[in-house]
Amino acid sequence: MAKNTKKTAVQQTKKKPRFLKIIIGTAVALVCAAAVVLLVINAHTENAKHVLRNTEWKSVSALNASGDEVDVREVYNVRYSQYQGKLTFDSENGFELWLRPGDPSDGTHSGKYEIDGDKANVTFDEGTDTAFALTRSEGEITRIELLYDGYTVAFVKAEPEKTE
């Protein structure tokens, strides 16, 4: 009977390494999957930071402080029927906001921005910090809203001019 006891003990020790191998294999697979997920998320986050680069936006609507829609010309204090403000982003995370006709120094503001989810945190060159609200559709930014002189002004992406 002593031989049977030894055989059972040997058989039990042989099963443990196989179970341990399964656990280790599963753990390695989970770590690899987590690493891939983190890489995809990081790549997506890095890409999102650059999504506004080299784009131009035009103003399309505005709301006053009480939430009523007003003509964009009222915001800019102009009478030109076709006037639109402009918001441009360069390749170095800089932006330029042009709001008034005439001398660019009268209505041009510039600074730096960084995208953080559904907002662009901006710092104007004179030191003012604020945020532009970003609206997305199917992952693409379709609208930018910003506060200007008591108004909420909305911008949409400008279509590139066609050359014939």
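Since we're looking at a predicted model, the values are computed, not measured.

Calculation rules
Residues numbered from 1 in each chain as written. Predicted model: local features only at pLDDT ≥ 70, side-chain atom pairs only at ≥ 80, totals over all residues. Heavy atoms only, no water. Phe/Tyr/Trp six-rings, centres within 6.5 Å; stacked < 30°, edge-to-face > 60°. Helix = DSSP H or I, 4+ residues; strand = E, 2+ residues; numbered from the N terminus. Buried < 20%, exposed > 50% of the residue type's maximum accessible area, 1.4 Å probe, protein only. Pairing = 2+ DSSP bridges. Core = buried A, V, L, I, M, F, W, Y, C linked by side-chain atoms within 4.5 Å. Contact = heavy atoms within 4.5 Å.

Participant: I keep staring at the packing of aromatic side chains and nothing clicks. Help me out?
Facilitator: The relative placement of two aromatic rings is captured by the distance of their centres and the angle of their planes. Following the criterion strictly, the structure yields three aromatic pairs and no others. A ring pair is formed by Phe 95 and Phe 132, whose centres lie 5.7 Å apart and whose planes are at 75°; its orientation type is edge-to-face. In this pair, Phe 95 is assigned in strand E4 (residues 94-98) and Phe 132 in strand E7 (residues 129-137), connecting sequence segments 37 residues apart. By the burial criterion, Phe 95 is buried, and Phe 132 matches it. Taken together, Phe 95, Phe 124 and Phe 132 form an aromatic cluster joined through their ring pairs.

Participant: What's the story with the pairing of strand E6 (residues 119-124) in this structure? I'm lost.
Facilitator: Here is the key point about a regular strand: its side chains alternate between the two faces of the sheet. Burial along E6 is one-sided: Ala 120, Val 122 and Phe 124 are buried, and none of Lys 119, Asn 121 and Thr 123, which face the opposite way, are. Both strand E5 (residues 108-115) and E6 contribute to a ladder of five bridges, which runs antiparallel. Opposite Glu 114, over in E6, you have Asn 121 as the bridge partner. The antiparallel hairpin formed by E5 and E6 contains three residues in its connecting segment, where Gly 117 sits at a positive phi of about 70°. Counted along the chain from E6 to the antiparallel partner E7, the turn is four residues long, and its residue Gly 127 has a positive phi close to 110°.

Participant: Before we go on, may I ask you to explain the nonpolar core in this structure?
Facilitator: One broad rule of soluble globular proteins: the nonpolar side chains tend to lie buried together. In terms of nonpolar packing, the biggest core is built from 24 residues, with Leu 87, Phe 95, Phe 132, Ile 144 and Phe 155 touching the most fellow members. Elements that contribute at least two residues to this core include exactly strand E1 (55-63), strand E3 (86-89), E4, E5, E6, E7, strand E8 (140-148) and strand E9 (151-157). Looking at which element gives the most residues to this core, the answer is E8, with four residues. Leaving out residues up to four positions away in the same chain, Leu 87 has contacts with Thr 55, Glu 56, Trp 57, Phe 95, Glu 96, Leu 97, Phe 132, Ile 144, Leu 146 and Phe 155.

Participant: Even after reading the chapter, I still don't get unusual backbone geometry, so can you show me in this structure?
Facilitator: Not every positive phi belongs to a glycine, and Asn 93 is a case in point at roughly 60°. Checked against the element boundaries, Asn 93 lands in the loop between E3 and E4. On the basis of relative accessible area, Asn 93 is assigned to the buried category, the value being 19%.

Participant: Just checking my understanding: could you explain the pairing of E3 for this structure?
Facilitator: The sheet contact formed by E1 and E3 spans four bridges and is antiparallel. Bridging from a neighbouring strand, Thr 55 pairs with Phe 89 of E3. As paired strands, E3 and E4 are joined by four bridges and run antiparallel to one another. If you follow Leu 87 over to E4, its bridge partner there is Leu 97. Connecting E3 to the antiparallel partner E4 that follows it, the hairpin turn spans four residues, and Asn 93 within it adopts a positive phi of roughly 60°.

Participant: Please clarify how the side chain of Thr 55 should be interpreted in this entry.
Facilitator: By the secondary structure assignment, Thr 55 is in strand E1. By relative accessible area, Thr 55 is classed as buried at 10%.

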